[in-house]
Amino acid sequence: MWDSIIKSIFVENQKFITSNDMDGKLAGMLLQKYLNWEFAGLCDYNGQSSDEIWLVDPDFDLLDAVFVGVPVSDPDIFCIDSHFIAPDKTFIDTYMENGNKINPNVINGLVRWKDDNSSDFDRKYSFGTAHFVAETLINLGIVSGDILKKIDDLLSLDLDSSSGSNAGSNSVIDSDIDSVVDSVIEEFSKENDIPLLPFVEMVPFEGLNGKKDAVHKAVLNNVINVYDTFAFSFDSNYTISFTVYV
């Protein structure tokens, strides 16, 4: 089952929207290089007021994209991510039925609560989406195994220290880290002949009714006690809401 889902997602000439972080950008670069995927946008999803989906084409239909590094709960949206998202086995069954999402924790049947109230949290996939994409491309015979170590080395860097930011406002620190991340990714791109994501003007996503969707609004009902998981859901107007698991 999972083999067929993987092969249906990891095909050439898909369009993708990736998380706006180092892990997501690296995953997107791999898919762009080795499967000729087309960059359609970036997604911020940190629960902040500045969070947004940024699109290259303002008329782009999100149903035509694969979200990379972003867990999307909507059954019609394709996604690849490595978050620990499954609360129970029923979730996994539903996830598989969609046939358009892939996640190493779900593949391994790992859930937050088993029937005996124990958890698989300590066994969760401990790497990033870029790792998972690299592993999948290797298993499909598309790339050689050395790319995985290069990705791991890159994502293991202590960028907080590299930025040299020890004081000042959060915005200054964040700006310094972003600059270091961009430099590190650019160096990786040159060394491995893997093109950067296109540097193009993008616009914030608008709902089907022209409303700016409230990506940053957290849905407080059904909050569950987990650590680091976010999940998108889309209503009929493509308004995005967050279920934040804290």
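Predicted model only: the values in this text are computed from it and were never measured.

Some remarks on the overall build of the protein chain
Then, number 1: Along the protein chain, the regular secondary structure elements total eight helices and ten strands.
Then, number 2: Taken across its 246 residues, the protein chain has 46% of its residues classed as buried.
Then, number 3: In the protein chain, 59% of the contacts between residues at least 6 apart in sequence involve partners at least 24 apart.
Then, number 4: As displayed, the protein chain has an accessible area near 12,500 Å², and 48% of this comes from carbon and sulfur atoms.

Considerations on the nonpolar core
Then, number 1: F10 and I80 are the most contacted members of the largest nonpolar core, which has 58 residues in total.
Then, number 2: If you tally residues by element for this core, the top one is helix α2 (residues 22–35), at seven residues.

Points about the side chain of K101
Then, number 1: In this fold, K101 is placed in strand β6 (residues 101–102).
Then, number 2: On the basis of relative accessibility, which here comes to 1%, the residue K101 falls in the buried class.
Then, number 3: Setting aside residues up to four positions removed in sequence, K101 forms contacts with W2, I5, I9, V72, S73, D74, P75, I77, C79 and Y95.

Rules and cut-offs
Residues numbered from 1 in each chain as written. Predicted model: local features only at pLDDT ≥ 70, side-chain atom pairs only at ≥ 80, totals over all residues. Heavy atoms only, no water. Helix = DSSP H or I, 4+ residues; strand = E, 2+ residues; numbered from the N terminus. Buried < 20%, exposed > 50% of the residue type's maximum accessible area, 1.4 Å probe, protein only. Contact = heavy atoms within 4.5 Å. Areas by Shrake-Rupley, 256 points an atom, 1.4 Å probe, with all protein chains shown as cover. Core = buried A, V, L, I, M, F, W, Y, C linked by side-chain atoms within 4.5 Å.

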